[in-house]
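Examination of the molecular architecture
Listed below, chain by chain, are the residues.
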Amino acid sequence: MGAHPRGDAKILDNRISQKTLGQWIAENPDCLGSKVKDAFNGKLPFLFKVISVETALSIQAHPNKELAEKLHLQAPEHYPDANHKPEMAIALTSFQGLCGFRPVAEILTFLKKVPEFQLLIGDDAATQLKQSVSSDPQTVAEALRSCFSHLMKSEKTTVVVQLNLLVKRISQQVSAGNNMDDICGQLLLRLHQQYPGDIGCFAIYFLNLLTLKPGEAMFLEANVPHAYLEGDCVECMACSDNTVRAGLTPKFIDVPTLCDMLSYTPSPSKDRLFPPSQSQEDPYLFIYDPPVPDFTVMKMEVPGSVIEYKILVLDSASILLVLKGTVTASSPTAQAPIRLQRGSVLFIGANESVTLKLTTPEDLLLFRACCLLEQQ
């Protein structure tokens, strides 16, 4: 949902002559609101997605603006635009993902318990990491970079041999009824089944494993390594399609770029959660406002006992998504009320007022992507 040239949203209303959202915005740029129109050169600055992850999505990171421009210039076939791509995932079901580097102590424990992982890293890099523990952040980052780069640049044949040894060892233990959670055994077996022989299977020992409950979110700024493993989420990001991949994927992999660009700052997994704030004016509204200008996400949980719900008027364009409930939406600019149900998507121009009438007494769950420049 958005107006990126590679995935321009289609307009379903056949009374409107433009066939895509991008075309409509180009001909009606004022719908963006003056601040957004000026700041983002007449373009909608965000992309909004719903993702249902059954097979893990690649271990990846997104470049900052400066690197995105450089990569786009060098290899436009792999990096299709010059924009950065910070993004946020908000869980709709229990949602599992990898995000950012684990605390060093956890990685060292895995190096002890998983000899196959230790072999790929090598003794020198592992010793460097061990010695960095009580040092300054710069030394820790260098040691982490060295370990991660050793893993990612391992010979494919060596990786396959070590991964097969590890899978065999875990499978035998699991069959014997032993719990292998201390080395993420079930997750490793699942990823290996999805991507046999893939280097990305070992990345679980470097990255925080997060399980988000519905409504919990993680924010992924530039250069943070991450992967979505399982579950459903709403995702919002800057309007970009730039991804540097490293594993768990059949797509183009760019290991040197990834190892160079990553932010090697370890943090506990709980620090990766991004909590929303509750609106002061509207008890049903929760706001996820990340530290980037491109996007903000609002979540509205309206009880079925409410007959009418007015959507907050914003001075910028937004996209509304219905996930639960059935309503009719009316607005002074719409010719007739619009029926919305689970899966309906509504584009709301700047300063438009929209009122929702609940047509069934079931609770409403709505998400809205927007750009709140005045709060930055």
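Owing to the predicted nature of the structure, the values given are computational and were not obtained by experimental measurement. (Residues numbered from 1 in each chain as written. Predicted model: local features only at pLDDT ≥ 70, side-chain atom pairs only at ≥ 80, totals over all residues. Heavy atoms only, no water.)

The helix and strand inventory of the protein stands at 10 helices and 18 strands. Here the C-alpha radius of gyration of the protein, 23 Å, is about what a compact globule of 376 residues would show, namely 21 Å. Based on the C-alpha atoms only, the size of the protein along its principal axes is roughly 70 × 50 × 40 Å. Expressed as a percentage of the 376 residues in the protein, the buried residues total 52%. A separation threshold of at least 6 residues defines the contact pool for the protein, and within that pool the share at least 24 residues apart is 74%. Accessible area of the protein: about 17,200 Å², with a carbon and sulfur share of 53%. (Helix = DSSP H or I, 4+ residues; strand = E, 2+ residues; numbered from the N terminus. Rg over C-alpha atoms; globule rule 2.2 N^0.38 Å. Buried < 20%, exposed > 50% of the residue type's maximum accessible area, 1.4 Å probe, protein only. Contact = heavy atoms within 4.5 Å. Areas by Shrake-Rupley, 256 points an atom, 1.4 Å probe, with all protein chains shown as cover.)

Read across the open sheet, the 4 strands follow the order 12-17-14-15; overall the sheet is antiparallel. Of all strands in the sheet, those with a lone pairing partner are strand 12 (308–311) and strand 15 (338–340), marking the two edges. Taken over all neighbouring pairs, the strand axes of this sheet differ in orientation by 30° on average, direction set aside. (Pairing = 2+ DSSP bridges. Axes fitted to C-alpha atoms, helices over the stretch in contact; angles between N-to-C directions.)

The full count for this structure, using the stated rule, is 12 aromatic pairs. Between Phe-95 and Tyr-228, the aromatic rings sit 5.3 Å apart at their centres with planes inclined by 70°, giving edge-to-face as the arrangement. Of this pair, Phe-95 sits in strand 4 (residues 95–101) while Tyr-228 sits in strand 7 (residues 226–238), and the two are 133 residues apart along the sequence. The pair formed by Phe-95 and Tyr-228 is uniform in burial state, with each residue classed as buried. An aromatic cluster is built from Phe-101, Phe-110, Phe-117, Phe-148, Tyr-205, Phe-206 and Tyr-264, whose rings are joined through pairwise contacts. (Phe/Tyr/Trp six-rings, centres within 6.5 Å; stacked < 30°, edge-to-face > 60°.)

Here Pro-337 shows up in the loop between strand 14 (327–330) and strand 15. Separated by 10 residues in sequence, Pro-337 and Val-327 have C-alpha atoms that sit 9.7 Å apart. Setting aside chain neighbours within four positions, we find Pro-337 in contact with Thr-328 and Ala-329.

Right, let's get into helix 9 (residues 185–194). Of the residues making up helix 9, those classed as buried are Gly-185, Leu-187, Leu-188, Leu-189, Leu-191 and His-192. Tucked into the core, helix 9 has its buried residues touching strand 4, helix 8 (156–175), strand 5 (207–212) and strand 7.

Spatially, the 6 strands line up as an open sheet ordered 9-10-11-18-13-16, and their pairing is antiparallel. In the strand order of this sheet, the two ends are held by strand 9 (277–278) and strand 16 (345–348), each with one partner. Relative to strand 11 (residues 296–302), strand 10 (residues 285–288) runs antiparallel, the two sharing 4 bridges. Bridge pairing links Phe-286 to Lys-299 in strand 11.

Attention now goes to the pattern of salt bridges. Oppositely charged side chains may form a pair once their charged atoms are brought near each other. Tallying each qualifying case throughout the model produces 15 salt bridges. Between Asp-260 and Arg-145 there is a salt bridge, with its nearest N and O atoms 4.0 Å apart. Taken together, the residues span a long stretch of sequence, with Asp-260 in helix 10 (residues 255–261) and Arg-145 in helix 7 (residues 137–152) at a distance of 115 residues. Given the relative accessible area of 27%, Arg-145 is considered partly exposed. For Glu-308, the salt bridge is made with Lys-310, and the minimal N-O distance between the two is 3.6 Å. According to the relative accessible area criterion, Glu-308 is partly exposed, its value standing at 39%. We classify Lys-310 as exposed; its relative accessible area is 56%. (Salt bridge = Lys/Arg side-chain N within 4 Å of Asp/Glu carboxyl O.)

One can describe the packing of helix 8 onto helix 9 by two numbers: an axis separation of 10 Å at closest approach and a directional angle of 125°. Classified by the interaxial angle, the pair formed by helix 8 and helix 9 is oblique. For the pair helix 8 and helix 9, the crossing hand works out as left-handed. Residues Leu-163, Asn-164, Leu-166, Val-167, Ile-170, Ser-171 and Val-174 of helix 8 pack against Gly-185, Gln-186, Leu-188, Leu-189 and His-192 of helix 9. Residue composition of the contact of helix 8 with helix 9, by class: 7 nonpolar, 5 polar and no charged. (Parallel < 35°, antiparallel > 145°, perpendicular 65-115°, else oblique. Left-handed = near helix turned anticlockwise from the far one by under 90°. Nonpolar A, V, L, I, M, F, W, Y, C, P; charged D, E, K, R; others polar.)

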